[in-house]
Amino acid sequence: MANNEWINGYLEAILDAGSRRSGLRENGYADEGIRSNNSMNNMSIRKRLEDKLRIEKFDDDKGKEEKLFSPTKYFVEEVVNCFDESDLHRTWIKVIATRNTRERSNRLENMCWRIWHLARKKKQIAWDDAKRLAKRRIEREKGRNDAAEDLSELSEGEKEKGDANQTEPISEKISRINSDMKIWSDDDKSRRLYIVLISLHGLVRGENMELGRDSDTGGQVKYVVELARALANMKGIYRVDLLTRQITSSEIDFSYGEPNEMLSCPSDGSGSCGAYIIRIPCGPRDKYIPKESLWPHIPEFVDGALSHIVNMARAIGEQVDGGKPTWPYVIHGHYADAGEVAARLSGALNVPMVLTGHSLGRNKFEQLLKQGRLSREDINSAYKIMRRIEAEELGLDAAEMVVTSTRQEIEEQWGLYDGFDIKLERKLRVRKRRGVSCLGRYMPRMVVTPPGMDFSYVTTQDSLEGDGDLKSLIGSDRTQNKRHIPPIWSEVMRFFTNPHKPMILALSRPDPKKNVTTLLKAFGECRPLKELANLTLILGNRDDIEDMSNSSSVVLTTVLKLIDKYDLYGQVAYPKHHKQSEVPEIYRLAAKTKGVFINPALVEPFGLTLIEAAAYGLPIVATKNGGPVDILKALNNGLLIDPHDQKAIADALLKLVAEKNLWLECRKNGLKYIHRFSWPEHCRNYLSHVEHCRNRHPTTRLEIMPTPEEPMSESLRDVEDISLKFSIDADFKLNGDLDVPNRQCKLIEALTQMGSSNSPSSTSYCPGRRQALFIIATDCYNRGGMCTETFPLVIKNVMQAAVSNSGKIGFILSTGLTLLETKELLRHCHVNLEDFDAFVCNSGSEMYYPWRDSTADMDYEAHIEYRWPGENVRSMIMRLGRVGDGDGDEYDIMESLDAFSSRCYSYSIKQGSKTRRIDELRQRLRMRGLRCNVIYTRASSRLKVVPLFASRAQALRYLSVRWAIDLSKMVVFVGERGDTDYEDLLVGLHKTVILRNSVEYGSEMLLRSEESFKREDVVPQDSPRIAFGACYETHDISAALDALQVI
């Protein structure tokens, strides 16, 4: 090994690359500092460096390093290129620090062994993850087959019914059923619709958008802002709200802390309120945090958004619907985080939900696993990928419709999810068309609707066929008419020896995935193309390449090296700065030179820049991977290429630039069909699909119960002088214009009647007068699942702690018990049922009011029943719940018939038996098209299966709207553990008191598998809304309430 020069050369290259790494610069270590033994022994810094380098992306290493040590190309690319190079770098420093040649050789030999060891470790990681993926695919296939078998056979009656109803062949494509879909019409002036859009992360504002400032503020921000404006301009749309996060940080502009921002001002007589950005406080108020850190704060955003929507529904109802609340026509979530918000709001308000993924977590996860550079744990830690995937799955559970940009997104990306399967979705659509039962299965409807574009900035001159000559603006000496040249033109043309040559334009971020280096190589190695055209690379904005992120700096450095290698000076432009408002001028410059636009990305989900370029008459060359396929099919204005094939790229560009007739035909086609991507066209298609989906949504809507006057007996306790009741404003009118004595008589009569109807069963009474609600949700069970003696003590102590505010605070019992079990428990511990305003039973699937003789809230049952599979899921749970897919003991899971109800199926779990965790069970239900909520309760001795929108947390949101009580005025009392829905009770705008030592056994061990996300991804650390009671005694509870400033 001592004479292996290629190992020495490799270590030399690692040293050269490592000393320039941003991670080392950020930690303040120059070469001299690194060479010291002290820095080598500093383990804490070493750990930070290793963590930093472990999660860095190395997509660009190949292009950067292959020319530095080409003899080791195979070794670098195939073995070493994907592991942490910092270890090699430090070891090499130690080697050269020694003076003994033999010792140096031994260290080199050990280093070679370590390289191979790490390579094997990397391969093992890839192998383990491949096995996991294979196992999951097998499970998915099994679930799909189960569902297909259930749906495959139709009864004779069903067949006859289907044959009678069928009016067209079943060979329709996957996209949609449009036989009964009506195109949105602008003629219906009676509509006054309220639409809610949600885009949570990034910096969102209407003007001067800081696109590209960070990875969270990109094309999605521009898209949702323009969508809100476009929808508000449609006839029949009364108001559009774009909800996002409010940020009041000194690091960013103050405008992101403004609670409201008008996006579009309605014209006079339009009958519209316009579009607005509504910023909801969420998470740390003074910090701008990345989207990966927002997950624990999602429930807080949900509650804040719910409050805004309810208030706005009332206000719009007062204006246009005679005081009846105008609920949103649709709630549309963008990206995974907003998709979860939209799902929760859809369940709380019972209104349709639409989801747009933009980019999908499971696709990213599988790509990262295939690369083998990061372990599953590292990926999850860096990207919170499992939490993101669960949010996307929940969005699929709740969505009426999923908006996609391309068919590729449906087949290759959404097809990876448990909650969607193309074949099963097709079966369900056919059965619905025939009027045949789907047996409780559901798949969201996938709709291909490309994003809209604003073409208002495209002038008439841009579309003139003959206006492609730059000579009309500049002469050969570049002085003629120079005052008419936009500044960005001068900035670009200063790079060119001959600016009159056709311009090949590429516009993207300096990201390895955008594949700009391959484009540059294709241009540099094709002599005819170099002679015929110039190349312009618009790669974001930069001041100093070294200050940019690692991946961006490597791409830009490689670009500069390639320009030097191929001697492309005078032929390639790469300006450092451009404004967003100057992008149209860049397209115009390319069009006037009869140039071509190219998007050579490895994969392009959609490709908005292709549409922008087509709007200015530019033919396009684009990657064949992703959305450009559909765009070129619609516009027929360019060529598709393999982004990995340099020759194919060069040939396509040369063909369009050299063949003027082809160039002109592509230009004409692009301008002719570009209207298909306009915002009005997008909005018409979008609203037509939403209207069609709403026809399948339940018609029940949430009603807000009017707040009654306080009963006479309650009022007299708080009012010393009854005469104050008659100090009424002179403009107040009751049953017409009455004089003062008559008004007083009427008031006395009304108050007397209210006082006489003070019985608990009075239907005219409701707890709307409460100023706060205390929700007792402690899951106090022993190992066998029976309630402990602690439970009644907690109830009595919580009530005792609120005794000083009697009448102002209402009490709710929220439990996994049935109503009969709840009543029996309260009677046994001598607690009056009438002391409670409501019982939330069976894990949120039922709601009862003791003040109405414990009758059930039928509106709540109708509210949560959507997508409830009912009997179709009943027997399947026992089979899916057992570990081993039914191979276990059949008595491990048994129906608990005494706890069954129409909205809750209960199963008893044999003690010591092995059952699936909640995430695994939910996964298997989704694979079969069944949408349910499953909860382990009573110390894992019971399994509850309830409707998707039923939960103890959602019940509180329902009551908040129904009783007009703000969620921030609710206090939830829990133990240190509980049922598997315990975490949902800790988060949101309500306050939580955790009573230590009140709960002995919980069910949390059956919540999630080790490979899933962690509690810290759900519950925020150090939340100001959570307080601890040292125990469950009255003084402990009072102290916790004081800490929360409740009483």
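Details of the structure are given in the entry above.
As a starting point, this report considers the structure included with it. (Residues numbered from 1 in each chain as written. Predicted model: local features only at pLDDT ≥ 70, side-chain atom pairs only at ≥ 80, totals over all residues. Heavy atoms only, no water.)

**Some details on unusual backbone geometry**
- For Asn208, which is not glycine, the phi dihedral falls at a positive 50°.
- One can find Asn208 in the loop between strand S1 (193-198) and helix H11 (219-232).
- Given a relative accessible area of 65%, Asn208 falls into the exposed group.
- The backbone phi angle of Asn636 is positive, close to 50°, even though this residue is not glycine.
- With respect to the secondary-structure elements, Asn636 resides in the loop between helix H25 (628-635) and strand S14 (638-641). (Helix = DSSP H or I, 4+ residues; strand = E, 2+ residues; numbered from the N terminus. Buried < 20%, exposed > 50% of the residue type's maximum accessible area, 1.4 Å probe, protein only.)

**What to know about the sheet that holds strand S19 (residues 855-856)**
- Ordered in space as S19-S18-S17-S16-S15-S24-S25-S26, the 8 strands form an open sheet in which the pairing is mixed. Single-partner strands in this sheet number two, and they are S19 and strand S26 (1026-1029).
- In the sheet, strand S15 (residues 772-776) pairs with strand S16 (residues 809-814) via 5 bridges, with the strands oriented parallel. Within the sheet, the bridge partner assigned to Leu773 lies in S16 and is Gly810. (Pairing = 2+ DSSP bridges.)

**Side note on the nonpolar core**
- Within the largest apolar cluster, 108 residues are counted, with the highest numbers of intra-cluster contacts made by Ile198, Phe301, Ile331, Leu345, Leu349, Trp414 and Trp963.
- A total of 10 residues in this core trace back to one element, the largest contributor, which is helix H12 (residues 298-320).
- Structurally, this core is a two-domain feature, drawing no fewer than three residues from each of domain 2 (193-208 + 216-448) and domain 4 (767-867 + 949-1044). (Core = buried A, V, L, I, M, F, W, Y, C linked by side-chain atoms within 4.5 Å. Domains from an automatic or database assignment.)

**Re a negative patch on the surface**
- Residues Asp543, Asp544, Glu546 and Asp547 make up a contiguous surface patch of negative charge.
- With respect to the helices and strands, Asp544 occurs in the loop between strand S10 (534-538) and helix H22 (550-565). (Patch = residues over 30% accessible without salt bridge, like charges linked within 9 Å, V, L, I, M, F, W, Y side chains within 5 Å. Areas by Shrake-Rupley, 256 points an atom, 1.4 Å probe, with all protein chains shown as cover. Salt bridge = Lys/Arg side-chain N within 4 Å of Asp/Glu carboxyl O. Lys, Arg positive; Asp, Glu negative; His and termini not counted. Charge placed at Lys NZ, Arg CZ, Asp CG, Glu CD.)

**Section: the pairing of strand S6 (residues 353-356)**
- Both faces of S6 are covered, namely the face carrying Met353 and Leu355 and the face carrying Val354 and Thr356.
- Pairing of strand S5 (residues 330-334) with S6, which is carried by 4 bridges, proceeds in the parallel orientation. Residue pairing across strands places His334 opposite Thr356, the latter belonging to S6.
- Between S5 and its parallel partner S6, the chain crosses via helix H13 (residues 335-349), and the hand of that crossover is right-handed.
- For S6 and strand S7 (residues 401-404), the ladder comprises 3 bridges, and the chain directions are parallel. Residue pairing for S7: Thr356 is matched across the bridge by Val403. (Right-handed = clockwise from strand over helix to strand, strands pointing away.)

**Some details on H25**
- Restricting attention to buried positions, one finds in H25 the residues Pro628, Ile631, Leu632, Ala634 and Leu635. Viewed along the axis of H25, the buried residues span an arc of 160°, placing them on a single side of the element.
- Looking at the buried side of H25, the elements it contacts are helix H24 (608-615), strand S13 (620-623), S14 and helix H27 (660-673). (Arc of directions from axis to C-beta. Contact = heavy atoms within 4.5 Å.)

**Side note on the sheet that holds strand S8 (residues 445-448)**
- With mixed pairing, 8 strands are arranged side by side in an open sheet as S3-S4-S2-S1-S5-S6-S7-S8. If you trace the sheet from one side to the other, it starts and ends with strand S3 (260-264) and S8, each paired once. Adjacent strand axes in the sheet meet at a mean angle of 25°, parallel and antiparallel pairs treated alike.
- On the sheet, helix H16 (residues 385-398) packs against S6, S7 and S8 and is oriented at approximately 140° with respect to S6.
- This element, helix H28 (residues 679-694), spans S1, strand S2 (237-246), S5, S6, S7 and S8 of the sheet and lies at about 160° to S7. (Axes fitted to C-alpha atoms, helices over the stretch in contact; angles between N-to-C directions.)

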